[in-house]
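Examining the three-dimensional arrangement
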Amino acid sequence: MWLVEGNLRSHEFLFFWISQLRFGKQYKYYSNTNVFEHSGKFYSVAESHIPQEIDIFTLSTLKDWDANGAWNRPLCSHPKKVPGTGELVIFGVEATKPFLEVGIVSADGMELVHKVDINLDRCSLCHEIGVTHRYIAILDFPLIIDLNRLLKRGPLIKYEKEKGSRIGIMPLYGDAASIQWFEVEPNSTFHVINSFEDGHEVVLWGCRALDSLIPGPEDGLNEFKWFSRCYEWRLNMKTGEVKERYLTGPEQFLDFPVINPSFTGIKNRYGYTQVVDPIASCAADIPKYGGLAKLYFGEPCSEFHVGGTQEEEPIKVEYHMFEKNVFCTGSAFVPKEGGLEEDDGWIITFLHNEDSGISQVHIIDTKNFSGEAVAKITMPCRVPYGFHGAFMPISFN
């Protein structure tokens, strides 16, 4: 019952939605979750409002972005570009019907070329979707926003495992009737690592938790169910079969994934995540990340080899860990210009040392991932935990 006893993140969500109901928007120009680029323009975004176009050089807010008046609801923090076309898939969640709408913005950013109500019968707190060449993957998991429950003095957001989890696969320009739904094991997932097509299957990799990703005060030191592990869903569009498995071992708590953006929507070999420090996270009641991980999809971890098939074994994971009481946020992958391989590049991440109070930017060569950072830049102020990072090349011509 976090509404009564409370924690910081829960109260933030509560304030967002009550403000939306009272004033029609949560905050004016409040969009500090993520930054994205489309058609050479840059936008800041949060779940609570439409994005704002920003001047990337001065960081000043230019205007709200609503696809020339065609998009009239909050927009997700993780829009995805369709591989090959450059179109942008967006979606937005509301506490009242329609609970979830999906849209497609033209590659030039000038037109909302498709918009559809998914016709959900509940408001699932969906933070990210998957995109492939032909499909959009929709996560309908039971972390539910319910205004009626709030009016009865219950929590606004609650994980209701018994109400089930499912993933919907919709053709890119489909509608609610064209969605093929797959029932999956109950879970709470915010972040998708990647999605792609493999024969008749649509494959999703994500960071999956067994309980609410917005923990309340009852989640104690030994309750690690709200920490994510990397997971795979394989959804067979021909037979309706679902195959699920963990990609990483039982004590590998990982989240905030990034990949080489050139591989969004197509099969990739590598991914990168932040590594949860479970003890520090439980003590602070917020996730804290004490390192980075490089995921080797398709390469089994030799430490867990038990003689089974590759599909049954955890994948190889390489670590870049920080000193004690040093935590990161906002990690992003930067492809190396002219790089020949998928993992030619760097991870940029923001670090904060809680003992010294010093904050830095670290740049890690992903070809020498466990080695020393190639650059460490001290910042005049810290970046708060939980912010997303993004890298976008800019032409100065």
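Residues numbered from 1 in each chain as written. Predicted model: local features only at pLDDT ≥ 70, side-chain atom pairs only at ≥ 80, totals over all residues. Heavy atoms only, no water.

**Points about the packing of aromatic side chains**
A full pass over the atoms with the stated rule returns 15 aromatic pairs. Between Tyr270 and Tyr296, the aromatic rings sit 5.5 Å apart at their centres with planes inclined by 80°, giving edge-to-face as the arrangement. Of this pair, Tyr270 sits in strand β21 (residues 270-276) while Tyr296 is found in strand β22 (residues 289-300), placing the two residues 26 residues apart along the sequence. The class for Tyr270 is buried, based on a relative accessible area of 8%. Between Tyr272 and Phe333, the aromatic rings sit 5.3 Å apart at their centres with planes inclined by 15°, giving stacked as the arrangement. One end of the pair, Tyr272, is in strand β21; the other, Phe333, is in strand β24 (residues 326-335), with 61 residues separating them in the sequence. In terms of burial, Tyr272 and Phe333 fall into one category: buried. Among the aromatic residues, those joined into a ring-pair cluster are Phe141, Tyr231, Trp233 and Tyr246. Across the ring face of Trp181, the terminal group of Arg166 is positioned such that the distance to the ring centre comes to 3.6 Å. Above the ring of Tyr296, the side-chain terminus of Lys316 is found at 4.3 Å from the ring centroid. (Phe/Tyr/Trp six-rings, centres within 6.5 Å; stacked < 30°, edge-to-face > 60°. Helix = DSSP H or I, 4+ residues; strand = E, 2+ residues; numbered from the N terminus. Buried < 20%, exposed > 50% of the residue type's maximum accessible area, 1.4 Å probe, protein only. Lys NZ or Arg CZ within 6 Å of the ring centre and 35° of its normal.)

**Section: the nonpolar core**
Formed by 60 residues in total, the largest nonpolar core has its most connected members in Val89, Ile118 and Ile167. Ignoring any residue separated from it by four or fewer positions in sequence, one finds Ile118 in contact with Leu100, Val102, Ile138, Met170, Ala176, Ile179 and Trp181. Listed in part, the 21 residues of the second largest apolar core include Tyr289, Phe333, Ile347 and Leu351. (Core = buried A, V, L, I, M, F, W, Y, C linked by side-chain atoms within 4.5 Å. Contact = heavy atoms within 4.5 Å.)

**Examining the pairing of strand β16 (residues 188-198)**
Burial of β16 is extensive: 9 of the 11 residues sit out of reach of the surface. Between β16 and strand β17 (residues 201-209), which follow one another and run antiparallel, lie 2 residues, and Gly199 among them has a positive phi close to 65°. (Pairing = 2+ DSSP bridges.)

**Focus: the sheet that holds strand β1 (residues 34-38)**
Hydrogen bonding along the main chain pairs the strands of a sheet, whether they run parallel or antiparallel. Pairing within the open sheet is antiparallel, and its 4 strands lie in the order β1-β2-β3-β4. The strands lining the two open edges of the sheet, one partner per strand, are β1 and β4 (61-64). With direction set aside, neighbouring strand axes in the sheet form an average angle of 35°. Two elements, strand β2 (residues 41-46) and strand β3 (residues 49-54), share 4 bridges in a ladder whose sense is antiparallel. (Axes fitted to C-alpha atoms, helices over the stretch in contact; angles between N-to-C directions.)

**Brief notes about the sheet that holds strand β7 (residues 100-105)**
Spatially, 4 strands are ordered β5-β6-β7-β8 in an open sheet, and the strand pairing comes out antiparallel. Edge positions in the sheet fall to β5 (80-81) and β8 (112-117), since each of these pairs with one other strand and no more.

**Here we look at the pattern of salt bridges**
All told, the structure shown has 19 salt bridges when counted by the stated rule. Note that Glu37 is salt-bridged to Lys81, the shortest N-O span being 3.1 Å. In this pair, Glu37 is assigned in strand β1 and Lys81 in strand β5, connecting sequence segments 44 residues apart. The exposure class assigned to Glu37 is partly exposed, which follows from its relative accessible area of 23%. A relative accessible area of 32% places Lys81 in the partly exposed class. (Salt bridge = Lys/Arg side-chain N within 4 Å of Asp/Glu carboxyl O.)

**Notes on the confidence of the model for the protein**
Per-residue pLDDT for the protein averages 88, and the proportion of residues at 70 or more is 87%. Ignoring residues within four places in sequence, the model shows residues 305-310, a span with pLDDT below 50, making 7 contacts including any to other chains. (pLDDT = per-residue confidence, 0-100.)

**Some words on the environment of Thr132**
By the element assignment, Thr132 lies in the loop between β10 (130-131) and β11 (135-140). The spacing of Thr132 and Val203 is 71 residues in sequence and 9.3 Å in space, taken between C-alpha atoms. Not counting residues within four places of it along the chain, the set of residues in contact with Thr132 comprises Val82, Pro83, Leu172, Ser195, Phe196, Glu197, Val202 and Gly265.

**With respect to a nonpolar patch on the surface**
A contiguous nonpolar patch, built from Phe57, Ile394 and Phe396 and spanning about 360 Å² of accessible area, is present on the exposed surface. Examined against the element boundaries, Phe396 turns out to sit in the segment after β27 (375-379). Looking at Phe396, the relative accessible area reads 70%, which means it is exposed. (Patch = residues over 30% accessible without salt bridge, like charges linked within 9 Å, V, L, I, M, F, W, Y side chains within 5 Å. Areas by Shrake-Rupley, 256 points an atom, 1.4 Å probe, with all protein chains shown as cover.)

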